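# Understanding the architecture of this molecule
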Amino acid sequence: MRICFVCSGNICRSPSAEVVLRSMAQRAGVEVEVESAGIGGWHVGDDMDRRSRAELVARGYDVPRHAARQLDADDFARLDVVVAMDATHRDDLLALARDDDERAKVVLLGELGERHRDDPEVPDPYYGGPDGFADVLDRVEDGCRGLLEHPRRG
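Let me begin by describing the structure that accompanies this report. Small disclaimer: the values here were computed from a predicted structure and weren't measured. (Residues numbered from 1 in each chain as written. Predicted model: local features only at pLDDT ≥ 70, side-chain atom pairs only at ≥ 80, totals over all residues. Heavy atoms only, no water.)

A few words on the overall build of the protein. In terms of regular secondary structure, the protein is built from 5 helices and 4 strands. For the protein, the α and β elements follow one another from N to C terminus as β-α-β-α-β-α-α-β-α. Its C-alpha atoms give the protein a radius of gyration of 14 Å, near enough to 15 Å, the size a compact globule of 154 residues would have. By principal-axis analysis of the C-alpha atoms, the protein measures approximately 40 × 35 × 30 Å. Relative to its 154 residues, the protein shows a buried fraction of 51%. Long-range contacts, defined here as pairs at least 24 residues apart, represent 72% of the contacts in the protein between residues at least 6 apart. Accessible surface for the protein amounts to roughly 7,400 Å². Of this, 47% is attributable to carbon and sulfur atoms. Here the protein contributes 21 positively and 32 negatively charged side chains, and the mean placements of these two sets differ by 2 Å. (Helix = DSSP H or I, 4+ residues; strand = E, 2+ residues; numbered from the N terminus. Rg over C-alpha atoms; globule rule 2.2 N^0.38 Å. Buried < 20%, exposed > 50% of the residue type's maximum accessible area, 1.4 Å probe, protein only. Contact = heavy atoms within 4.5 Å. Areas by Shrake-Rupley, 256 points an atom, 1.4 Å probe, with all protein chains shown as cover. Lys, Arg positive; Asp, Glu negative; His and termini not counted. Charge placed at Lys NZ, Arg CZ, Asp CG, Glu CD.)

Here it is, written out as structure tokens:
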């Protein structure tokens, strides 16, 4: 299974989800290829936001160097699941997909978990304080647990 998490610039939410799912899958003995990307290209090549990294490290995750990238329509062909962080990203991904098969690969992370289904958006923490990064990680962990159990639910 090849999974890509997508957020705005690929420096906060989606790389956090990439780290979390990779760790959860490894612990569960599940083989999965995990990556992340952004809708926009303004952070291409940048490392993960230091606040996202700090929250992940505080929770015990191993966080390798990250290089932000922008998702391209051609990526859909090699991916099995494309996971949006919020409804705007989902809409952008659905518009980028070239056909119904590619659109069927798009899911919203918050709809995959158990704890945040009534509020499935993973909010952008970039302009907020540290509590926003903790909330993002709570939502990402919940959604990633659901994704491992039911990769196509949503």
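Attention now goes to empty space enclosed by the protein. All told, the structure shown has 1 cavity of 30 Å³ or more when counted by the stated rule. Taken as a whole, the largest cavity encloses approximately 40 Å³ of empty space. Along the walls of the largest cavity sit S16, R51, S52, E55, L56, F133, V136 and L137, which together make up its complete lining. Looking at the lining of the largest cavity element by element, the count peaks at 4 residues for helix α2 (residues 50-58). Split by residue class, the lining of the largest cavity holds 4 nonpolar, 2 polar and 2 charged. (1 Å grid on protein atoms, 1.4 Å probe; cavity = no way out; pocket = protein on both sides within 12 Å on 5 of 7 lines; lining within 4 Å. Points joined across faces, edges and corners; volume = space filled by probe spheres on them. Nonpolar A, V, L, I, M, F, W, Y, C, P; charged D, E, K, R; others polar.)

Time to look at helix α1 (residues 13-28). Under the 1.5 Å per step criterion, the end-to-end length of α1 is 22 Å for 16 residues, consistent within 8% with the ideal 22 Å. Buried residues dominate α1, accounting for 12 of its 16 residues. Buried residues of α1: R13, S14, P15, S16, A17, E18, V19, V20, L21, S23, M24 and A25, and no others. Its buried side turned inward, α1 meets β1 (2-7), β2 (33-38), α2, α3 (87-96) and α5 (130-149). G29 lies just past α1 and shows a positive phi near 70°. (Expected span 1.5 Å × (residues − 1).)

Bringing the environment of A37 into the picture now. Among the structural elements, A37 can be located in strand β2. For the pair A37 and M24, spaced 13 residues apart in sequence, the C-alpha separation works out to 19 Å. Setting aside chain neighbours within four positions, we find A37 in contact with C4, F5, V6, C7, N10, S14, R69, Q70 and L71.

Here E55 shows up in helix α2. When near neighbours in sequence (up to four residues on either side) are disregarded, E55 contacts F133, A134 and L137.

The phi dihedral of N10 is positive, around 65°, even though this residue is not glycine. Turning to its location among the elements, N10 is positioned in the loop between β1 and α1.

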